[in-house]
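The residues making up each chain are set out below.
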Amino acid sequence: MQATVWNTKVVNRAQRLARAAEALGKNLTSKRVATDAVVTLLESVLAPKDRVCLEGNNQKQADFLAQSLMKVDPQRINGLHMVQSVLALPEHLDLFEAGIASRLDFSFSGPQGVRLAKLVSAGQIEIGAIHTYLELFARYFVDLTPKVALIAAHAADAAGNLYTGPNTEDTPAIVEATAFSGGIVIAQVNEWVDGTTTKLPRVDIPADWVDFVVLAPRPNFIEPLFTRDPAQISEIQVLMAMMAIKGIYSEYGVQRLNHGIGFDTAAIELLLPTYAESLGLKGKICSHWALNPHPALIPAIEAGWVQSVHSFGSELGMEEYIRARPDVFFTGADGSLRSNRAFCQAAGHYACDLFIGSTLQIDLDGNSSTATLGRISGFGGAPNMGADARGRRHVSPTWLKAGQQARAGRPGAAGTPRGQKLVVQMVETFREHMQPAFVERLDAWTLQEQAGMELPPIMIYGDDVTHILTEEGIANLLLCRTDAEREQAIRGVAGYTPVGLGRDRKMVENLRDRGIIQRPEDLGINPREANRNLLAARNMRDLVRASGGLYSPPKRFRNW
Amino acid sequence: MTDIPVGLETLRFVFAGHRPTGVFAPVLVGVVGSGNLEVLLEPREGSGCELHIETSARGFGSIWEAVARDFHERHQLAGIRVSVNDMGATPAVVSLRLDQAVTELVL
């Protein structure tokens, strides 16, 4: 009987490293690879069909390594299986057109969504699955472990320790999975330090987990995704923010929360030191956040509303402000932000009592989706933020109250006491160009047919949604007891959309009497008082001023 | 010839009102800008509440009718002409402007 070999991965890794050392020759010094030898490095460590994580985060991109991977010889390196959270750069898809890669598991494709759909229908990409961020990271440790990880950091020292800068994002999760499974980690950096006369501000990834480091010719690309100019917030958004604060945050005493990105939630952040303060809610709501460093949160932080913010990634321009507010943000001993997408997603899922975000379409069951025809985009972290955490066991007054409303009077397992996370969908009934946000049938169903998916791409399932908030009112779905009630509750806040006009007026008035639907006037809010003057900052300049000059917006937002 | 620019849609709704406004100084709120609208209130002969709408967004007549009817149900004004100059505002913004205009009405 032949003895089983138990260390094939160790042997394979050693062979690849030896191949790289030989191919690189004097272009390799310790772990440092000469910039112009990076294609040689990739061709020597990669093998066809390898599983590769090319670090594409929501914000930080390993752009130089992406461009370099496009230059490998497709005769030698082909059929790669890409496992990365975000497809942000054109190169991420060029790889498939060139045949270098063929299979894809991912979370979010953002601006590349249209092209991705075309490549899939042309048979040039085989999609394994579309995941949430946490799901994809989880699979890195089960059946989608990268063989080679191509990552981005800000700086490296001579030993190969890495400083990621404030946009740590996915890097720790990727490196952990790769380095501890016989994989190879290659990092691009913006700067070298020698480790003696110049040192890293801090170590985010220890050298022991890194095999090769290459100096990129340009700093890695970072996208300011979470900056919203308060000048663009409308009075309808102010009205909806007032309703969120009074009708939900105050009602449930929401202290721990996550905000989706958008002008709707920016309006809430900017009403905390003004409108919410006038309601006497300071200290009673919004003290702990799982949130990127939104510039719109600056006035609330300055007014003493916020105790802590843990972040998925950073935000360009917020560096000095964060450094000056270490009591609020998670920072290293060096003073700069340490973000971490995996941990912040876990925080948002398990330790927050409320998620509020927007969507493009909501159907009569409360299912919502941002999927539109001709695009394959994925949902990133929204499905984890916007889902009840079924494994949660610790209690809070907010969580208990929501659970009590959902379960009161129900028999059996459905009535077993437990809490529930508040999941709020906040939408204007019409989006721009008079597109109704409420529909009988989500585009997701047509997309499923077109793309041959097993399931329609639904972002947040109706049975996880607890409240729908529009300019017409709040529908509390926790209190609905039948599908018919639920449908009328949704129609009852759908305004003048065809879905809204199709309401049963009598039933909607009954739901209003029972508090399942609440109009602004039921909450003591006069829509005519919804005024932009309530915003704690009305433009970018106000945000800079509120930060005491510490916030430095990217050029495109400097409109004064 | 008409002085209405090409592409605009004109709509007119008249309701029977119960709250006479009598004589008042015309009220103007809002601005004609993208996604926004201008509302002008003027006295009108008789007990009708007339809404005269010019909008750049064509094909939404049934929604305008519902918005106008709800406006009239809220205020029941009589002897008034409401002129709307719309540049693609959502129904929410339209309703808000209409209510703002009525608030400014000094009777």
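Whatever comes next refers back to the structure up there.
Anyway, here's the lowdown on the structure attached to this text. What you see is a predicted model, and the numbers here were worked out from it, not measured in a lab.

### Quick notes on the overall build of chain A
(1) Moving on: In terms of regular secondary structure, chain A is built from 20 helices and 20 strands.
(2) Moving on: The C-alpha radius of gyration computed for chain A amounts to 25 Å, which stays within 12% of the reference 24 Å derived for 560 residues, consistent with globular compactness.
(3) Moving on: With respect to the three principal axes, the spread of C-alpha positions in chain A is 80 × 55 × 45 Å.
(4) Moving on: Within chain A, contacts between residues separated by at least 24 positions form 75% of all contacts whose residues are at least 6 apart in sequence.

### A look at the sheet that holds strand β12 (residues 288-290) of chain A
All names here are of chain A.
(1) Moving on: Spatially, eight strands are ordered β13-β12-β11-β14-β17-β18-β19-β20 in an open sheet, and the strand pairing comes out mixed. Both edges of this open sheet fall to β13 (308-310) and β20 (517-518), since each of them pairs with a single strand only.
(2) Moving on: The pairing of strand β11 (residues 256-259) with β12 spans two bridges and is parallel. In the strand pairing of β12, Leu257 is matched with Trp289.

### Considering the sheet that holds strand β1 (residues 9-16) of chain B
Two strands in a sheet stick together by hydrogen bonds in their backbones, pointing the same way (parallel) or opposite ways (antiparallel).
All names here are of chain B.
(1) Moving on: If you trace the five strands from one edge of the open sheet to the other, you get β1-β5-β7-β4-β3, paired in mixed fashion. Because the sheet does not close on itself, it has two edges, and the strands there are β1 and β3 (27-30). Taking the axes of each pair of neighbouring strands and ignoring which way they run, one obtains an average angle of 15° across the sheet.
(2) Moving on: Pairing analysis gives four bridges linking β3 to strand β4 (residues 37-43), with the strands arranged antiparallel. By the bridge assignment, Val29 is partnered in β4 with Val39.
(3) Moving on: The strands touched by helix α1 (residues 61-75) are β1 and β5 (48-55); relative to β1, the strand with the most contacts, the crossing angle is about 30°.

### Re the nonpolar core
(1) Moving on: By size, the foremost hydrophobic cluster in this structure holds 190 residues, and its most contacted members are A:Leu150, A:Ile151, A:Ala153, A:Ala187, A:Ala244 and A:Leu271.
(2) Moving on: Looking at which element gives the most residues to this core, the answer is helix α8 (residues 235-252) of chain A, with twelve residues.

### Quick word on unusual backbone geometry
Residue and element names in this part refer to chain A.
(1) Moving on: With phi around 70°, Lys49 is a residue other than glycine that occupies positive phi space.
(2) Moving on: Relative to the assigned elements, Lys49 resides in the loop between α2 (38-45) and β3 (51-54).
(3) Moving on: Using a count of 15 C-beta atoms within 10 Å as the deciding quantity, one classes Lys49 as partly exposed.
(4) Moving on: Its identity is not glycine, yet His433 carries a phi of approximately 60°, on the positive side.
(5) Moving on: Tracing the sequence through the fold places His433 in the loop between β17 (422-426) and α16 (443-451).

### Things to note about the pairing of strand β7 (residues 148-156) of chain A
Residue and element names in this part refer to chain A.
(1) Moving on: Buried residues dominate β7, accounting for nine of its nine residues.
(2) Moving on: In this structure, β3 lies alongside β7, joined through three bridges in parallel fashion. Along β7, the bridge assignment pairs Val52 with Val148.
(3) Moving on: Pairing analysis gives eight bridges linking β7 to strand β9 (residues 184-192), with the strands arranged parallel. Considered in β9, the bridge of Ala152 is made with Gln188.
(4) Moving on: Across two bridges, the pairing between β7 and strand β8 (residues 162-163) is antiparallel. Bridging across to β8, Ala156 finds its partner in Leu162.
(5) Moving on: Between β7 and β8, which pair antiparallel one after the other, the connecting turn spans five residues, and Gly160 there sits at a positive phi close to 105°.

### Focus on the interface of chain A and chain B
(1) Moving on: Listed by partner, the interface residues are twelve residues for chain A and 13 residues for chain B.
(2) Moving on: Taken together, the residues that form the side of chain A that touches chain B break down as six nonpolar, two polar and four charged.

Analysis parameters
- Residues numbered from 1 in each chain as written.
- Chains lettered and ligands numbered in written order.
- Predicted model: local features only at pLDDT ≥ 70, side-chain atom pairs only at ≥ 80, totals over all residues.
- Helix = DSSP H or I, 4+ residues; strand = E, 2+ residues; numbered from the N terminus.
- Rg over C-alpha atoms; globule rule 2.2 N^0.38 Å.
- Contact = placed C-beta atoms within 7 Å.
- Pairing = 2+ DSSP bridges.
- Axes fitted to C-alpha atoms, helices over the stretch in contact; angles between N-to-C directions.
- Core = buried A, V, L, I, M, F, W, Y, C linked by C-beta atoms within 7 Å.
- Buried ≥ 20, exposed ≤ 12 C-beta atoms within 10 Å, placed from the backbone.
- Nonpolar A, V, L, I, M, F, W, Y, C, P; charged D, E, K, R; others polar.

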